Amino acid sequence: VILLCFRRCFLRALTSCLLWNTFGLSTAENSKPNLLLFLADDLGIGDVGCYGNNTIRTPNIDRLAREGVKLTQHIAAAPLCTPSRAAFLTGRYPIRSGMASSNRYRALQWNAGSGGLPANETTFARLLQQQGYTTGLIGKWHQGINCESFNDHCHHPLNHGFDYFYGMPFTLLNNCQENKPPELDVALQAKLWLYSQIITLAVLTLAAGRLTGLISIRWKIIACFTLVGCLFFISWYSSYGFVQHWNCILMRNHDITEQPMRLERTVSLMLKEAESFIKRNRHGPFLLFVSFLHVHTPLFTTAKFIGKSHHGLYGDNVEEMDWMVGKILDLLDKEGLKNHTFTYFASDHGGHLEAQDGSAQLGGWNGIYKGGKGMGGWEGGIRVPGVLRWPGVLPAGTVIDEPTSLMDIYPTVVHLAGGILPQDRVIDGRNLMPLLQGRSQKSEHEFLFHYCGSYLHAVRWHQKDSGAIWKAHYVTPNFHPLGAGACYGKGICPCFGEGVTHHDPPLLFDLSRDPSEAQPLSADTEPLFDTVIRQIGRAIEEHHRTLSPVPQQLSLYNIIWKPWLQPCCGTFPFCWCDKEGDSTQML
C-alpha cells in the first residue's frame, strides 16, 4: 500500500513538472504582467557597466542585464529629448505626429509653449488603460502642457492615458539651479541684451541731442524708442530672470506642488512617489513609467553621491540614478512582484558631448560610436543601452545584436497587455517578444530611418540574408573644430544649413564590420555599393509615401513663450509655492 501511494504521488509530481515545462512559460506570458519602464535622460551607451564601462558603477542596471536580455543595437528614433520621447510613447517616428522640427528649435523650450504631443496620438498608456492597467508616470514629461489656456492641459500626461503623474512637465536645465550659467536659448538672450543696450544708448543720445538742441526730433519719437527698448529689456529679463520659476516646476496630476522646484529634495520625492505607486497597485496590473531627470545637466546630485565616482559630477549622477533603479527593483522583490513584472531600461538618446564646464566633461560617453546627442545620423547620437527582464519568460544572460528601436516598446507592451494596436495609423515599432524569447533570430526591422529634426540624415538597412547592416548617410554635421567629433562651442550640432554637409553619393558603412563608422565605403572598395544605395533609395521613396502632412508642434509659434499658457502657483509673474513642505525626509 505504501509503495502504491508513493508511486501515485511520484507520477503526479512528474506530470506537474512536465506540464509546467510545456505550458508554464506560455501561461506566464499570457497573464498580464506589471510593466516597469525606466528611461534615462542623455545617458551614453558607454556609461553603463554591462556595456563595457568598468569605472562608473552601475550594479543595478547590470543586474537587469544579467537576469534578462541586453540589446546591443537599440536605436532611438531621434537624437533629442522631445521627439525621441514622442516616438517612444506612440511607437511612431516623430515626423508622423508633428514632433519633428524644421527650424533650429528641436525640443520644447517653455512650459508656456502651445506645442506638444497631439491629443489625437494614442500612447501605449492609453491602450493599457483600456486593458485594465493602472498607469503612472513619475519624472520627466517634456511633451507640452497646454494649448489655448493655462489650464486646458491638452498635452498633459493625464490627457494621454496616464492615471497618475508626478514630476516635471518640462526638463532639467542649468537655469533650474542657482549659480549655473544659463542654458535655455543663450544666443537669443545675448541678442535681446545687445538690442536692449543699443536702443538704450540710442535713446540717451537722442534725448541729449534734443535737450542741447543739437538734434531736432520730437519727444514722441524718443518715447517710442524708449518703449521698444523697454520691451526688449523685459523680453531679455523674462528669458533669463524668470526661467527658474516658469520652467522648473513639479506637478502632481494637474496641480503644481513646487515652483520653482528645490533640487536638493527632488531625488527623494521622485523615489518616494515611484515606491508609493507600486505599493498602492501591487495587486496590479500596473504600468509605471519612471522617466529620470538624470543625467541631464545641471547634474544636481545629492550629498550622498558627490565625489563617489571616478568621473566627476557626471559619474556621481549616473551612480545616483543606478541606486534609484536598485531601490525600485528591491521593492519589487519585497512585494513579491519580480517574477510578474516586465522591466525595461533605456536612454532617450546618446550622451551630450558638448556639455562641458571648462575642462570638465558634463555629458555622457558613447563608447566606440561616433557623435552624440543632437546628431541624427551618427551612431553615438542614437544607439543607446536597452535592457529587459522578465524572470521565467525572458532567458537570463541573453545578448541580442539585432537592430531594435525604442519604438518597439509600444507594440511589445500592448501585446503583453492583450491589447490591439491602432489600425488607423502607421506604427513603426515591432513586437520584440519573439526576438527576446529566441523564437525568432532576426529583427523585424529591415530599414530604420534616422532623422535630425524633420530632415532625413541617414538610413539603416538590415540585409537579413547576408547579415550585413548597411548605413547610408545623406547629411552629416560639420564638427567644430574640424575633426573634433562634436560641435564644441555651438552647444549642439545643427540639422540643416551651413552647419551640415550633404553627400551625393551618400557615405556608406557596413556596421557589422565597422560599428564606429570610421571607414566609408565606395564603389571602388565595395562591389555591392551601387546595389545597396539603390535599395536604400527605394526604401526612402516607399517611406515618404507613408508620411502625411500634420500640424507642426515645434513651429516657431508653438515653441515661443505665451503668458496666458504659463502654469503659475501664486502671483504672476513671480509664481512661487511649496506644497511639499519641509517634512520630506532627505535620503
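Structure's up top.
Just so it is clear, the structure is predicted and the values come from calculations on it, not from any experiment.

Scoring rules and cut-offs
Residues numbered from 1 in each chain as written. Predicted model: local features only at pLDDT ≥ 70, side-chain atom pairs only at ≥ 80, totals over all residues. Heavy atoms only, no water. Helix = DSSP H or I, 4+ residues; strand = E, 2+ residues; numbered from the N terminus. Buried < 20%, exposed > 50% of the residue type's maximum accessible area, 1.4 Å probe, protein only. Contact = heavy atoms within 4.5 Å. Phe/Tyr/Trp six-rings, centres within 6.5 Å; stacked < 30°, edge-to-face > 60°. Lys NZ or Arg CZ within 6 Å of the ring centre and 35° of its normal. Core = buried A, V, L, I, M, F, W, Y, C linked by side-chain atoms within 4.5 Å. Disulfide = S-S within 2.5 Å.

K.L.:
Describe the environment of L432, listing the residues and the values that go with them.
P.N.:
Tracing the sequence through the fold places L432 in the loop between α12 (409-416) and α13 (433-436). L432 sits in the buried class, given a relative accessible area of 3%. As for L432 and D408, which are separated by 24 residues in sequence, their C-alpha atoms are 6.4 Å apart. The contacts of L432, once residues within four sequence positions are left out, are T404, D408, I409 and T412.

K.L.:
Explain the packing of aromatic side chains residue by residue, including any values.
P.N.:
Going through the model one piece at a time under the given rule, you end up with 20 aromatic pairs. Each ring, one from W246 and one from F572, has its centre 6.0 Å from the other, and the planes form 5°; the classification is stacked. Within this pair, whereas W246 is found in helix α8 (residues 243-247), its partner F572 is found in the loop between α15 (556-559) and β18 (577-578), the two being separated by 326 residues in sequence. Each residue in the set W110, F242, W246, W561, F572 and F574 is aromatic and connected to the rest through ring pairs, giving one cluster. Sitting over the face of the ring of Y51, K70 holds its NZ or CZ atom 5.1 Å from the ring centroid. Taking NZ or CZ as reference, K562 lies 4.3 Å from the ring centre of Y557, over its face.

K.L.:
Before we move on, could you go through the nonpolar core and cite the residues and values that matter?
P.N.:
Core analysis: the largest hydrophobic core is formed by 55 residues, its most contacted members being F38, L43, L288 and F345. Put simply, the parts of the chain that give this core at least two residues each are β1 (34-40), α2 (59-66), β4 (164-168), α9 (266-280), β7 (286-291) and α10 (312-334). For this core, the leading source of residues is α10, giving ten residues. Grouped together as the second largest cluster of nonpolar side chains are 49 residues, Y133, M251, F289 and I409 included.

K.L.:
Now, about the state of the cysteines: what can you tell me, with residues and values included?
P.N.:
If you walk through the whole model with that rule in mind, you get six disulfides. One disulfide in the model links C452 with C495; its S-S distance is 2.0 Å. Its S-S torsion of approximately -70° makes the covalent link between C452 and C495 left-handed. With C452 in strand β14 (residues 447-452) and C495 in the loop between β16 (468-477) and β17 (500-510), this residue pair connects regions lying 43 residues apart in the sequence. One disulfide bridge connects C487 with C493, the sulfur atoms lying 1.9 Å from each other. The S-S bond linking C487 to C493 shows a torsion near 100°; that makes this disulfide right-handed. Each member of the pair, C487 together with C493, is buried. Across the protein, the way the bonded cysteines pair up, counted in sequence order, is 1-2, 3-4, 5-8, 6-7, 9-11, 10-12. Of all cysteine sulfurs in the structure, the one in C176 sits closest to C81, which takes part in no disulfide; the separation is 13 Å.

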